[in-house]
Protein chains: 2
Amino acid sequence: MREASKARVKTIAKPVELPLGQILSGDCVEAMRSLPDNSIDLVFADPPYNLQLGGDLNRPDGSQVDAVTDHWDQFDSFKIYDDFTRDWLTEARRILKPDGALWVIGSYHNIFRVGAILQDLGFWILNDVVWRKSNPMPNFKGTRFTNAHETLIWCSQGEKAKYHFNYRAMKTLNDELQMRSDWVLPICGGQERLKEGGTKVHPTQKPEALLYRVMLATTEKGDVVLDPFFGTGTTGAVAKRLGRQWIGCERESVYTDAALKRIEKELPLDESSLETMQSKRNAPKVAFGVLVENGYIKPGTEIFDKKRKWVAKVRADGSLIYEKQVGSIHGLGKELQGAPSCNGWTFWHIERDGKIEAVDAVRQLYLLATED
Amino acid sequence: MREASKARVKTIAKPVELPLGQILSGDCVEAMRSLPDNSIDLVFADPPYNLQLGGDLNRPDGSQVDAVTDHWDQFDSFKIYDDFTRDWLTEARRILKPDGALWVIGSYHNIFRVGAILQDLGFWILNDVVWRKSNPMPNFKGTRFTNAHETLIWCSQGEKAKYHFNYRAMKTLNDELQMRSDWVLPICGGQERLKEGGTKVHPTQKPEALLYRVMLATTEKGDVVLDPFFGTGTTGAVAKRLGRQWIGCERESVYTDAALKRIEKELPLDESSLETMQSKRNAPKVAFGVLVENGYIKPGTEIFDKKRKWVAKVRADGSLIYEKQVGSIHGLGKELQGAPSCNGWTFWHIERDGKIEAVDAVRQLYLLATED
DNA sequence: TCGAGAGGTGAATCGGTCA
DNA sequence: ATGACCGATTCACCTCTCG
């Protein structure tokens, strides 16, 4: 009896071969429906951001910014975007193994909606990770803060669900310090950026370093990684390099073609080269205003050059005022001396504990106190 | 007609005295209901994070981590949390002026829900800002990434709504580079951390540097700042220091008492320290013609672009002439380049004392000489 | 061959104020 | 609502040109 029952179950759940190393063309929700339950180790998704751009944006020099206006990124309301999000997340949840994980990347335009919906569906957030761009596009109009980061959400199937985290690999990658939830990485450019006749193939190609870290952190060798918004195949290329299996969904044949060509050229890494990967830590930079902000130098403090020829006053935002002139520590020092340039850190001095010292000494103090 | 209409509006909106410099005790939604419409310049909110910690969290050495387990921080479900969030955001929206702004800080536990709901209510996100902690608590169990940041959302009343951003002050604070959406600041500790008998008064006291930057960036001197989750009054302390008015809501008398004592001790910065670098938009405007009128640039002077492709001539009224074309410094620069726009101040150059410099330098000279 | 300098560009919700 | 007009505005990195 027990044998027979087992056989029946097997017959019903007939083994389905996964389309490994393939791109499923068409709508990603439809494509995922063709895949069996509990079969995927990791879903990495870079969904459209639901950008609602106004008119054209010009740089200060008059040239025009190439905006993301592809039709796959047009949603005219939150409702439509939310429905779309719930649909693909539901399918992703079904095909993921119980110990599988989901990563989503987005910006402030969409990430709050995506995050709330995946929580509603039962996903359990393990970390939100900030991709801090080392070279973001500036805010040309000077109307807001430079939009210098994007947000990733990493989650498991549920509060009690198992998941994989290669703690040791991350610590090694980060110079023997725990990997933090903020990652500094450059945007995708140079040789890595796919171009066709001088123009970019995909408007929002992600850097391989980002996918590299995601997969190294949360998958094992041989795991199956699915990307519902495959684009030009960054996920596939990195998966192949790291010895992971991959499946993509993509409806634009231009992207599909470029992706297959790209992944074909990719070579898998051997174990030893993985182990030698090390991240470089940048020397920290400190702005004068940060010293003021943190109370190292109080607004109102007198600040002067070595010979006390000029005695200026520190203001709340870290600017200086001398008689009628105002400026940064570098700019005002330059103006007063009539010099072509000035290193304010060594030019300006303050009195501290009865001793006169360059403000650079205060910066050193701050660096020591805030070192990781 | 217009005058009469204005008078009528004034009569209807009878002046209500705001409880400036006071903490309203009790539930924040009830407290906000007592305030009039369109009366607040900035709401800064640090709502409970809805942390769902299971058992106690222990350090590797066995000592216990002081987790956030106060009773005000427990919510049974997302539903309750969402309703609560919608309630206080709705009141905040009502009492905010049309050009007022809202800041909310949160972690991955709650920020996605808060962000989605404030979008649903009509708030328009201007930036999400990442507070990157220079000294976060490590992940003791080694099971995830070190949770090293929190997220802030800055939004206006709507897509077309006005808002305030002190671009110039932020740029000065950041060593003459645009302020980015990621801020590196230490967590609150040391002398700044309020303690009572050796234990922290509040589990999630925010650093003053964070509020300092928020207020310097998005409020003006004298503005009214409201904090619905006042806690130990970091918002009030920084507001007082920076010459802003404040109102708090808080239901725990332990926090209220500590906050009032703390703010009492705080000293406002003096007038001159408080002045920040003005954005050029607010700075006194100088027409090019004024420079000509005052002899800073003589009529007949040759004026040219950086590459000397176009050499125009200055006329008595401050207009330029190039061959048959005439116009303002902006208009002619735009015409000649065929550009959508042109900042004539940086486009046109003149020779002065043998040196070539943008006419903007002459404007600066004039501004310095005529500043009151 | 190398360095200096010019030119291009990246997921962007990017102006204000009159008539 | 719409348009005219005034005037304010960019950082890091890659690639190409020129000497």
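It should be emphasised that the depicted structure is a prediction, and the values quoted were computed from it without experimental measurement. (Residues numbered from 1 in each chain as written. Chains lettered and ligands numbered in written order. Predicted model: local features only at pLDDT ≥ 70, side-chain atom pairs only at ≥ 80, totals over all residues. Heavy atoms only, no water.)

Draft legend 1. Seen up close, the interface of chain B and chain A. Across the contact, 73 residues belong to chain B and 77 residues belong to chain A. In total, chain B and chain A occlude about 6,600 Å² of area from one another, counting both sides; carbon and sulfur atoms represent 51% of this. Taken as a group, Phe112, Phe145 and Arg180 of chain B account for 14% of the area that chain B buries against chain A, more than any other trio of residues on that side. For the pair chain B and chain A, the number of links is 5 salt bridges. For Asp120 of chain A, the salt bridge is made with Arg113 of chain B, and the minimal N-O distance between the two is 2.6 Å. If you look at where chain B meets chain A, you find 28 residue pairs in polar contact (both at pLDDT 80 or more). The biggest single contributor to the side of chain B that touches chain A is strand S4 (residues 124-133) of chain B, with 9 residues. The residue makeup of the side of chain B that touches chain A, split by class, is 37 nonpolar, 20 polar and 16 charged. (Contact = heavy atoms within 4.5 Å. Buried area = accessible area lost by both parts, 1.4 Å probe. Salt bridge = Lys/Arg side-chain N within 4 Å of Asp/Glu carboxyl O. Polar contact = N/O pair within 3.5 Å; in protein donor to acceptor, adjacent residues only side chain to side chain. Helix = DSSP H or I, 4+ residues; strand = E, 2+ residues; numbered from the N terminus. Nonpolar A, V, L, I, M, F, W, Y, C, P; charged D, E, K, R; others polar.)

Draft legend 2. Layout of the packing of helix H7 (residues 234-241) of chain B against helix H8 (residues 253-265) of chain B. All names here are of chain B. Running from amino to carboxyl end, H7 crosses H8 at an angle of 15°, the nearest separation of the two axes being 9 Å. Classed by the angle they form, the pair H7 and H8 counts as roughly parallel. For the pair H7 and H8, the sense of crossing is right-handed. Contacts between H7 and H8 involve Thr234, Gly236, Ala237 and Lys240 from the first element and Arg262, Ile263 and Glu264 from the second. Its residues placed into classes, the contact of H7 with H8 shows 2 nonpolar, 2 polar and 3 charged. (Axes fitted to C-alpha atoms, helices over the stretch in contact; angles between N-to-C directions. Parallel < 35°, antiparallel > 145°, perpendicular 65-115°, else oblique. Left-handed = near helix turned anticlockwise from the far one by under 90°.)

Draft legend 3. Here's a closer look at the pattern of salt bridges. Residues and elements named next belong to chain A. All told, the structure shown has 41 salt bridges over all chains when counted by the stated rule. One salt bridge connects Glu266 with Arg241, and the closest N-O pair in it is separated by 2.8 Å. Taken together, the residues span a long stretch of sequence, with Glu266 in the loop between helix H8 (253-265) and helix H9 (271-275) and Arg241 in helix H7 (residues 234-241) at a distance of 25 residues. Taken individually, Glu266 and Arg241 each receive the classification buried, so the pair is uniform in this respect. One salt-bridge network, in which partners are shared between bridges, spans Glu30, Arg33, Asp37, Glu91 and Arg94. (Buried < 20%, exposed > 50% of the residue type's maximum accessible area, 1.4 Å probe, protein only.)

Draft legend 4. Spatial organisation of the packing of aromatic side chains. A full pass over the atoms with the stated rule returns 33 aromatic pairs over all chains. Taken together, a centroid distance of 5.5 Å and an interplanar angle of 70° make the contact between Trp154 of chain A and Phe145 of chain B edge-to-face. Of this pair, Trp154 of chain A sits in strand S5 (residues 149-156) while Phe145 of chain B sits in the loop between S4 and strand S5 (149-156), which puts the two residues in different chains. Both residues of the pair, Trp154 of chain A and Phe145 of chain B, count as buried. Consider the rings of Phe347 of chain B and Trp348 of chain B, whose centres lie 4.9 Å apart with planes at 85°: the pair is edge-to-face. Like Trp348 of chain B, Phe347 of chain B is buried. Three or more aromatic residues joined by ring pairs form one cluster here, namely Trp103, Trp154, Tyr163, Phe165, Tyr167 and Trp183 of chain A together with Phe145 of chain B. (Phe/Tyr/Trp six-rings, centres within 6.5 Å; stacked < 30°, edge-to-face > 60°.)

Draft legend 5. How the structure looks around the protein's contact with DNA strand C. Arg59, Tyr108, Lys141 and Lys200 of chain A together with Lys307 of chain B are the nearest of the 38 residues found near DNA strand C. Expressed as a percentage, the sugar and phosphate content of the atoms of DNA strand C within 4 Å of the protein is 46%. Between DNA strand C and the protein, one listed contact pairs a base oxygen with a side-chain N or O atom of Asn139 of chain A at 3.1 Å. Between Arg193 of chain A and DNA strand C, the recorded distance is 2.9 Å, taken from a side-chain N or O atom to a phosphate oxygen. The residue inventory of the surface near DNA strand C, partitioned by class, reads 17 nonpolar, 9 polar and 12 charged. (Near = heavy atom within 4 Å.)

Draft legend 6. Seen up close, unusual backbone geometry. Residues and elements named next belong to chain B. Phi is positive for Asn38, close to 50°, though the residue is something other than glycine. Tracing the backbone shows Asn38 in the loop between helix H2 (28-33) and strand S2 (40-45). Here Glu176, not a glycine, exhibits a phi torsion of approximately 65°, which is positive. The topology assignment puts Glu176 in the loop between helix H5 (167-173) and strand S6 (182-185).

Draft legend 7. Just the sheet that holds strand S9 (residues 224-227) of chain A, in detail. Residues and elements named next belong to chain A. One open sheet accounts for 8 strands, arranged S1-S10-S9-S2-S3-S5-S4-S6; its pairing is mixed. At either end of the open sheet lies a strand with only one pairing partner, and these are strand S1 (22-25) and strand S6 (182-185). Between one strand axis and the next, the sheet turns through 20° on average, direction left out of account. As judged from the 4 bridges shared by S1 and strand S10 (residues 245-250), these two strands associate in the parallel manner. Its bridge partner lying in S10, Leu24 is registered against Cys249. Taken strand by strand, helix H6 (residues 208-218) contacts strand S2 (40-45), strand S3 (96-106), strand S4 (124-133), S5, S6 and S9, and its axis lies near 145° from that of S6. (Pairing = 2+ DSSP bridges.)

Draft legend 8. Main features of the confidence of the model for chain A. Residues and elements named next belong to chain A. Confidence in the prediction of chain A, expressed as mean pLDDT, is 87, and 88% of residues score 70 or more. Confidence drops under pLDDT 50 across residues 1-13; counting only partners more than four residues distant or on other chains, this segment forms 0 contacts. Of the regions scoring below 50 in pLDDT, residues 272-285 engages in 17 contacts with residues more than four places distant in sequence or in other chains. (pLDDT = per-residue confidence, 0-100.)

Draft legend 9. Summary view of the side chain of Asn58 of chain A. Here Asn58 of chain A is to be found in the loop between S2 and helix H3 (78-95). If we ignore the near neighbours within four places in the chain, the residues touching Asn58 of chain A are Ser63, Gln64, Phe140 and Lys141 of chain A together with Pro340 of chain B.

Draft legend 10. Layout of the nonpolar core. Within the largest apolar cluster, 68 residues are counted, with the highest numbers of intra-cluster contacts made by Trp88, Leu102 and Leu118 of chain A together with Trp88, Leu102 and Leu118 of chain B. With residues up to four places along the chain from it excluded, the contact list for Leu118 of chain B reads Leu89, Leu102, Val104, Phe123, Ile125, Ile153 and Cys155 of chain B. Grouped together as the second largest cluster of nonpolar side chains are 63 residues, Ile350 of chain A together with Leu42, Leu173 and Ile263 of chain B included. (Core = buried A, V, L, I, M, F, W, Y, C linked by side-chain atoms within 4.5 Å.)

Draft legend 11. Here's a closer look at the environment of Leu194 of chain B. Within the secondary structure, Leu194 of chain B is located in the loop between S6 and strand S7 (195-196). Not counting chain neighbours up to four residues away, the residues in contact with Leu194 of chain B comprise Thr199, Lys200, Val201, Gln205, Thr232, Ala258 and Arg262 of chain B.

Draft legend 12. Quick look at the domain arrangement of chain A. As far as domains go, chain A holds domain 1 (22-273) and domain 2 (288-369). Summarising the inter-unit geometry, the C-alpha centres of domain 1 of chain A and domain 2 of chain A are found 44 Å apart. (Domains from an automatic or database assignment.)

Draft legend 13. Fine view of the packing of helix H6 (residues 208-218) of chain B against H7 of chain B. Residues and elements named next belong to chain B. Across the interface, H6 lies against H7 with an axial gap of 9 Å and an inter-helix angle of 55°. Accordingly, the angle class assigned to the pair H6 and H7 is oblique. Regarding H6 and H7, the two cross each other, and that crossing is right-handed. The segment H6 lies against H7, with Glu208, Leu211, Tyr212 and Met215 engaging Thr234, Thr235, Ala237, Val238, Ala239 and Arg241. Taken together, the residues that form the contact of H6 with H7 break down as 6 nonpolar, 2 polar and 2 charged.

Draft legend 14. Region of the structure containing the pairing of S9 of chain A. All names here are of chain A. Burial along S9 is two-sided: the residues Val224 and Leu226 and Val225 and Asp227 are all buried. Pairing of S2 with S9, which is carried by 2 bridges, proceeds in the parallel orientation. For Val43, the partnering residue across the bridge sits in S9 and is Leu226. Direction of pairing for S9 relative to S10: parallel, over a ladder of 4 bridges. Its bridge partner being in S10, Val225 is matched across the sheet by Trp246. A crossover links S9 with its parallel partner S10, the connecting element being H7, and its sense is right-handed. (Right-handed = clockwise from strand over helix to strand, strands pointing away.)

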